[in-house]
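# Architecture at a glance
For reference, the chains in residue letters:
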Amino acid sequence: MDYLELKITCLEDFREILIAELAEIGFDSFLETEEGVDAYAPEQEFDREAFLELVEKYKLPAQISWHESKMPKVNWNEEWEKNYDPIEVDDLVFVRASFHEPVPGFQYEIVINPKMSFGTGHHATTFQMLKHQAEIDHKGKRVLDVGSGTGILAIMAHLLEAREIEAFDIDEWCVDNGNENFDLNGLSTRMDIGTIREVNPQGKFDIILANINKNILLDEMEIYADLLVSKGFLLLSGFYTEDIEDLLECAAPLGLSLYKKNSKDNWAALILQKD
């Protein structure tokens, strides 16, 4: 299957927002460049109308221009290796691929070979979730990672000495990749496949991690609340700062109150605590 390559030039502050928006309309791989973003979509699945609407939405504020070309399917893992740089989350954690050398001076190290899964630490939502995790006591706790992607948050929970970790994702590619990353970091749990309703986690959890998107979070909020122990923590990200109020309004009747909030590059992250 041939791919369409869209080389998009835009302001730096809009790169992550555009990647998230493009992922919602069928683009399945991205490379950040000095000029903006290279985005790729299978030619047969390309929704041109949705793409043009998105370009029009951000054309002025992001100063977007773009060039389209066709290319044969590429070795995405090789492309990742050429373009994937390590991430430093303050002095908390150093996130690297297996082909990078370790760097001293961090409390923790995570090895992620991301392939095409979401959640490398580069995105502001993952970055903030990792920081928020470090502020919550995981030792001896039961943790659920919803929409685990690369498994990076589950791995962080493991490093923070969680007693038991369950993780799942709806994408088979993510599950395979996540389990590989679990092995690289000494995590014995296996990632399951499906939505939270399909996986149907059993028992109560001390901490639930959900870095997805606003609509899914709103739809599943009641399930999260039911799965949490009293005084348990729900860590959320994957939405914009302007969406915070909608999420808090949904959470409040379920006994979930705001413990802490943060934002980076217009992406928000919340820690909620159950009554």
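First, a word on scope: everything that follows refers to the structure included in this document. The residue count restarts for each chain, going from 1 along the sequence in the order it is written. Residues qualify for local features only when their pLDDT is at least 70, as the model is predicted, and side-chain atom pairs are given and counted only at 80 or more; totals for whole chains, interfaces and linings, by contrast, use all residues. Processing note: side-chain calculations cover all non-hydrogen atoms of the structure and skip hydrogens and water entirely.

## Overview of the packing of aromatic side chains
Heads up, the condition is: Here a pair means two rings of Phe, Tyr or Trp (six-membered ring of Trp) with centres within 6.5 Å. Their orientation is stacked below 30 degrees between planes, edge-to-face above 60, and tilted elsewhere. Residue burial is assigned from relative accessible area. The probe radius is 1.4 Å, only protein chains are included, and a residue is buried under 20% of its type maximum, exposed over 50%, and partly exposed in between.
Taken as a whole, this structure holds 8 aromatic pairs when the rule is applied. Geometrically, the ring pair formed by phenylalanine 46 and phenylalanine 51 is tilted, given 5.8 Å between the ring centres and 50° between the ring planes. You can call phenylalanine 46 buried: its relative accessible area is 13%. By relative accessible area, which is 1% here, phenylalanine 51 ends up buried. Ring geometry for phenylalanine 233 against tyrosine 259: centres 5.0 Å apart, planes inclined by 70°, an arrangement best described as edge-to-face.

## Digging into the sheet that holds strand S9 (residues 164-169)
Our working rule: One bridge is not enough; two strands pair if DSSP finds at least two bridges between them. Working definition: helices are DSSP H or I runs of at least four residues, strands are E runs of at least two. Numbering for both runs from the N terminus.
Strand order in this open sheet of 7 strands is S10-S9-S8-S11-S12-S14-S13, and the pairing throughout is mixed. What marks the edges here is a single partner per strand, and that holds for strand S10 (192-193) and strand S13 (256-264). Here strand S8 (residues 142-146) runs beside S9; their pairing, made up of 5 bridges, is parallel. What sits directly across from aspartate 145, in S9, is alanine 167.

## Quick word on the sheet that holds strand S5 (residues 87-89)
As a reminder of what qualifies: A fitted line through C-alpha atoms represents every axis, and for helices the fit uses only the stretch in contact; the resulting angles, taken between N-to-C directions, go from 0 to 180 degrees. For this analysis, residues touch if any pair of their heavy atoms sits within 4.5 Å.
Taken together, the 3 strands give an open sheet; going across it, the order is S5-S6-S7, and neighbouring strands pair in mixed fashion. Edge positions in the sheet fall to S5 and strand S7 (108-111), since each of these pairs with one other strand and no more. Mean inter-strand twist for the sheet, computed between neighbouring axes without regard to direction, equals 15°. Bridging between strand S6 (residues 93-96) and S7 involves 4 bridges; their strand directions are parallel. Counterpart to valine 95 in the pairing with S7 is isoleucine 110. Those strands touched by helix H5 (residues 152-159) are S6 and S7, and its axis lies near 145° from that of S7.

## Digging into helix H1 (residues 15-24)
Counting buried residues along H1, 7 of its 10 residues qualify, which places the element largely inside the surrounding structure. Taken from the residues just after H1, glycine 26 is the one with a positive phi, measuring 110°.

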